[in-house]
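Residue-level structure breakdown
The chain contents come next:
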Amino acid sequence: MTTPLLSETPRRSARPESSVRDLAVVIPDDFRLVSGERLAAVHIRARLIGPAAGPLVVVGGGISAGRCPDVTDAGSPGWWAWAVGAAAVVDTSRLRVLALDWLPGGDQDEIVTVTPTDQARLLALVLDALDAPVVDAFVGASYGGCVGMAFAQAYPERIERLVVISAAHRAHPAATAWRGVQRRILSLGLASGRADEAVALARELAMTTYRTAEEFDLRFGSGEAPVQAGGDYAVCDYLTDRGRAYVGATSPQRWITLSDSLDRHRVVPEQIHCALTLVGFTTDRLVPIEDIRALAQRVPSLERLVEATSIFGHDAFLKEREVVCDVLETALAPLFVARPQEIAA
């Protein structure tokens, strides 16, 4: 009996205007990563939200994001709930929105070498299973932006528009340095049998790179010193809390794999031919605005470069609703003009 390439489970949507289909797409036995390695997973988990017809928009976020941008399985807000949903700027009552879980999965217990191009190839398998040859728009932020650029480079005939937020054409060496320390913390935790503590500590360090010095000053600048050396300052209490909350969200092996994947990101801007919108935040230390400007100068089909400031740094794509919504509204507007008959259906 032939194994079906696609299985799906309809779900009751928390937003009645949108249908939700959970997808499990089989990874072919001969699929190999760019490194030549194999994934332990046998399925790609994805979610398709929205009407049966209409423009197809792929949405991808950071390495902690997944197939639930609007609402999680538990009914809580997804990782981009204010941007994706019925009547949101990425309107699931009019658009078909596809999101997938980055591989390897959350239960990954081995370290594998995965590139953003590998994630793009996995996305192509999902599109093939859906009989969807072309993505009308790909909206990618952080790691999702890297995957979006990799997809546009690898499959130029399969994408019409690309919106990239807080990502450039390469990983900056300073960002690699910070992530490299995180990976060594995680490796030390695995070697010493203290994986949970390592995940928490690596998350603490990561938070200091996602946000800005200005935000930490505003929130903790007036805090008093602890009574004795070795005690926690207010900012340290905050980071400790954020680290503990992240334990269980991912395995150390998966984090090492996807963190390394970020540092392998590199595309040739001249090979991205679809209509491109770029958004960069001048306070982002992980993706310096100079890199995004350089990307803008080299791509052949730039539609818009938006620069903004934010006290949230790299996390601005999760926090700066007004800026992001304005950009997405403009970037996605041509989809509604191009297919009025599908949107009305």
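Going by an unreviewed UniProt entry, the chain carries the name Homoserine O-succinyltransferase and comes from Brevundimonas vitisensis.

All right, on to the confidence of the model for the chain then. When pLDDT is averaged across the chain, the result is 92; 92% of the residues are at 70 or more. Here residues 340–345 is a poorly scored stretch, pLDDT under 50, and it has 7 contacts once near neighbours within four places are set aside; other chains count.

Each pocket or cavity is described by its volume, and for the largest pocket that value is around 1,100 Å³. If you list the elements that add at least two residues to the lining of the largest pocket, you get α3 (173–192), α4 (195–210), α6 (234–246), α7 (252–263) and α9 (316–319).

Attention now moves to the environment of Arg-242. Looking at the element boundaries, Arg-242 is found in helix α6. Residue Arg-242 is classed as partly exposed on the basis of its relative accessible area of 33%. For the pair Arg-242 and Thr-282, spaced 40 residues apart in the sequence, the C-alpha separation amounts to 25 Å.

With that settled, the discussion passes to helix α1 (residues 116–129). For α1, built from 14 residues, the straight-helix expectation of 20 Å at 1.5 Å per residue is met to within 8% by its first-to-last C-alpha distance of 20 Å. Along α1, 10 of the 14 residues are buried, which leaves the element largely enclosed by surrounding structure. For α1, the complete set of buried residues consists of Pro-116, Asp-118, Gln-119, Ala-120, Leu-122, Leu-123, Ala-124, Leu-125, Val-126 and Leu-127. Immediately beyond the C-terminal end of α1, within one or two residues, lies Asp-131, with a positive phi of roughly 55 degrees.

Under the counting rule described, the total for this entry stands at 9 aromatic pairs. Aromatic pair Phe-138 and Phe-151: ring centres 6.5 Å apart, planes at 35 degrees, arrangement tilted. Within this pair, whereas Phe-138 is found in strand β8 (residues 137–141), its partner Phe-151 is found in helix α2 (residues 143–154), the two being separated by 13 residues in sequence. One aromatic cluster is present, formed by Trp-79, Trp-80 and Trp-82 through successive ring pairs. A cation over a ring is seen here: Arg-203 above Tyr-246, with NZ or CZ 4.0 Å from the ring centre. Sitting above the plane of the Tyr-238 ring, Arg-219 keeps its charged end 4.5 Å from the centroid.

Once that is clear, we can look at the packing of α1 against α2. In the contact formed by α1 and α2, the axes pass within 8 Å of each other and the chain directions differ by 70 degrees. Comparing their axes, α2 and α1 come out roughly perpendicular. Residues Pro-116, Thr-117, Gln-119, Ala-120, Leu-123, Ala-124 and Leu-127 of α1 form the contact with α2, whose participating residues are Tyr-143, Cys-146, Val-147, Ala-150 and Phe-151. When its residues are assigned to classes, the contact of α1 with α2 shows 10 nonpolar, 2 polar and no charged.

Moving on, we get to the nonpolar core. One broad trend across soluble globular proteins is that nonpolar side chains are buried collectively. Counting 72 residues, the largest nonpolar core has Leu-39, Ile-44, Leu-98, Phe-151 and Leu-162 as its most contacted members. The contact partners of Ile-44, leaving out residues within four places of it in the chain, are Leu-23, Ala-24, Val-25, Ile-27, Leu-100, Leu-103, Leu-122, Leu-125 and Val-126. Membership of the second largest hydrophobic core comes to 29 residues, among which are Val-90, Ala-137, Ala-141 and Val-163.

Most of β8 is tucked away, with 5 of its 5 residues classed as buried. Residues Ala-137, Val-139 and Ala-141 point to one face of β8 and Phe-138 and Gly-140 to the other, with burial holding for every one of them. As paired elements, strand β4 (residues 56–60) and β8 share 4 bridges and run parallel to each other. Within the sheet, the bridge partner assigned to Val-58 lies in β8 and is Phe-138. Running through α2, the crossover from β8 to the neighbouring parallel element strand β9 (residues 161–165) is right-handed.

Attention now goes to the packing of α4 against α6. For any two helices packed against each other, the geometry is given by the interaxial angle and the distance between the axes. It is the contact of α4 with α6, at a shortest axis distance of 7 Å, that shows an interaxial angle of 125 degrees. Judged by the inter-axis angle, α4 sits oblique to α6. Seen along the crossing, α4 lies across α6 with a hand that is right-handed. Packed against α4, whose contacting residues are Val-199, Ala-200, Arg-203, Glu-204, Met-207 and Thr-208, the element α6 presents Tyr-238, Leu-239, Thr-240, Arg-242, Gly-243, Arg-244 and Tyr-246 at the interface. For the contact of α4 with α6, the residue count by class is 6 nonpolar, 3 polar and 4 charged.

Rules behind the numbers
- Residues numbered from 1 in each chain as written.
- Predicted model: local features only at pLDDT ≥ 70, side-chain atom pairs only at ≥ 80, totals over all residues.
- Heavy atoms only, no water.
- pLDDT = per-residue confidence, 0-100.
- Contact = heavy atoms within 4.5 Å.
- 1 Å grid on protein atoms, 1.4 Å probe; cavity = no way out; pocket = protein on both sides within 12 Å on 5 of 7 lines; lining within 4 Å.
- Points joined across faces, edges and corners; volume = space filled by probe spheres on them.
- Helix = DSSP H or I, 4+ residues; strand = E, 2+ residues; numbered from the N terminus.
- Buried < 20%, exposed > 50% of the residue type's maximum accessible area, 1.4 Å probe, protein only.
- Expected span 1.5 Å × (residues − 1).
- Phe/Tyr/Trp six-rings, centres within 6.5 Å; stacked < 30°, edge-to-face > 60°.
- Lys NZ or Arg CZ within 6 Å of the ring centre and 35° of its normal.
- Axes fitted to C-alpha atoms, helices over the stretch in contact; angles between N-to-C directions.
- Parallel < 35°, antiparallel > 145°, perpendicular 65-115°, else oblique.
- Nonpolar A, V, L, I, M, F, W, Y, C, P; charged D, E, K, R; others polar.
- Core = buried A, V, L, I, M, F, W, Y, C linked by side-chain atoms within 4.5 Å.
- Pairing = 2+ DSSP bridges.
- Right-handed = clockwise from strand over helix to strand, strands pointing away.
- Left-handed = near helix turned anticlockwise from the far one by under 90°.

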